[in-house]
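The lines below spell out each chain.
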Amino acid sequence: MNADMQAEVDSPHVELAVEVFSLLADATRVRLILVLGDGELPVNALAERVGKPAAAVSQHLAKMRLGGMVATRQEGTKVYYRLRDSHANQLVMDAIHQAEHALGTAPRHGA
């Protein structure tokens, strides 16, 4: 890891990182991050893609918005959601790769 990028143990960002992980500790939110990695969508389309009711998806998106993971754009009566940046998507992809390694299903690569 680049020395400029390495976090210190006593960094105030450690607690914020825990909040990020807490926000992602939900399968529906992880699925929403994966879907939004392909681009913005309205709530109903997101709900259909993750197989959950629109009201439940709206609640998850509200938490994700407060946590700074998603942003919105309104077009008429529709609200479109998108990832604010690629960081949440990268965290989710890294977690999925870690799960693959834990299950022994990941392709081999350098440690």
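Residues numbered from 1 in each chain as written. Predicted model: local features only at pLDDT ≥ 70, side-chain atom pairs only at ≥ 80, totals over all residues. Heavy atoms only, no water.

Undergrad: Describe in detail the layout of surface pockets, supporting the description with residues and values.
TA: Taken as a whole, the largest pocket holds about 260 Å³ of empty space. Along the walls of the largest pocket sit 13 residues, with Val 20, Asp 85, His 87, Ala 88 and Leu 91 positioned nearest its centre. If you list the elements that add at least two residues to the lining of the largest pocket, you get α1 (13-23) and α5 (87-103). In terms of residue count, α5 provides more of the lining of the largest pocket than any other element does, five residues in total. When grouped by side-chain class, the residues that make up the lining of the largest pocket number six nonpolar, four polar and three charged. (1 Å grid on protein atoms, 1.4 Å probe; cavity = no way out; pocket = protein on both sides within 12 Å on 5 of 7 lines; lining within 4 Å. Points joined across faces, edges and corners; volume = space filled by probe spheres on them. Helix = DSSP H or I, 4+ residues; strand = E, 2+ residues; numbered from the N terminus. Nonpolar A, V, L, I, M, F, W, Y, C, P; charged D, E, K, R; others polar.)

Undergrad: Residues and numbers for the packing of helix α2 (residues 27-36) against helix α3 (residues 43-50), please.
TA: Helix packing geometry: the angle between the two helix axes and the distance between the axes. Following both chains from N to C, one finds α2 and α3 inclined at 115°, their axes separated by 10 Å at the closest point. For the element pair α2 / α3, the angle class is roughly perpendicular. Of the two elements, α2 crosses α3, and the hand of that crossing is right-handed. When α2 is examined against α3, the residues Arg 31, Leu 32, Val 35 and Leu 36 are found in contact with a partner set consisting of Leu 46, Arg 49 and Val 50. Here the residues of the contact of α2 with α3 sort into five nonpolar, no polar and two charged. (Axes fitted to C-alpha atoms, helices over the stretch in contact; angles between N-to-C directions. Parallel < 35°, antiparallel > 145°, perpendicular 65-115°, else oblique. Left-handed = near helix turned anticlockwise from the far one by under 90°. Contact = heavy atoms within 4.5 Å.)

Undergrad: If you had to explain the pattern of salt bridges to someone new, which residues and values would you point to?
TA: Opposite charge on two side chains permits them to pair, given that their charged atoms come into close proximity. In the structure shown here, the tally under the stated rule is three salt bridges. Of the charged contacts, one joins Arg 49 and Asp 38 as a salt bridge, the two residues approaching to 3.8 Å between their closest N and O atoms. Of this pair, Arg 49 sits in helix α3 while Asp 38 sits in the loop between α2 and β1 (41-42); the two residues are eleven residues apart in sequence, bridging distant segments of the chain. Judged by relative accessible area, Asp 38 falls into the exposed class, the value being 66%. Arg 73 serves as the salt-bridge partner of Glu 40, at 2.3 Å between the closest nitrogen and oxygen. A residue pair is termed long-range when its members are at least 10 positions apart, and Glu 40 in the loop between α2 and β1 and Arg 73 in strand β2 (residues 70-75) qualify at 33 residues. For Arg 73, a relative accessible area of 30% corresponds to the partly exposed category. Taken together, the salt bridges that share partners define one network made up of Glu 40, Arg 73 and Glu 75. (Salt bridge = Lys/Arg side-chain N within 4 Å of Asp/Glu carboxyl O. Buried < 20%, exposed > 50% of the residue type's maximum accessible area, 1.4 Å probe, protein only.)

Undergrad: Outline α2, supporting the account with residue identities and numerical values.
TA: Along α2, the positions that sit buried rather than exposed are Thr 28, Arg 29, Leu 32, Ile 33, Val 35 and Leu 36. The buried residues of α2 occupy one face: seen down the axis, they fall within an arc of 165°. Where α2 begins, one side-chain oxygen reaches toward the backbone nitrogen of Thr 28, 2.9 Å away; that side chain belongs to Asp 26. (Arc of directions from axis to C-beta. Polar contact = N/O pair within 3.5 Å; in protein donor to acceptor, adjacent residues only side chain to side chain.)

Undergrad: Any details on the packing of aromatic side chains? Residues and values, ideally.
TA: Summed over the entire model, instances satisfying the criterion amount to zero aromatic pairs. Here the basic side chain of Arg 73 rests over the ring of Tyr 80, its NZ or CZ set 4.6 Å away from the ring centre. (Phe/Tyr/Trp six-rings, centres within 6.5 Å; stacked < 30°, edge-to-face > 60°. Lys NZ or Arg CZ within 6 Å of the ring centre and 35° of its normal.)

Undergrad: Can you tell me about the packing of α2 against helix α4 (residues 54-66), naming the residues and giving the values?
TA: It is at 10 Å that the axes of α2 and α4 come closest, and there the two elements cross at 80°. One element, α2, and the other, α4, form an angle in the roughly perpendicular class. Seen from α2, the contacting residues are Thr 28, Arg 29, Leu 32, Ile 33 and Leu 36; seen from α4, they are Val 57, His 60, Leu 61, Lys 63 and Met 64. Grouping the constituent residues of the contact of α2 with α4 by class yields six nonpolar, two polar and two charged.

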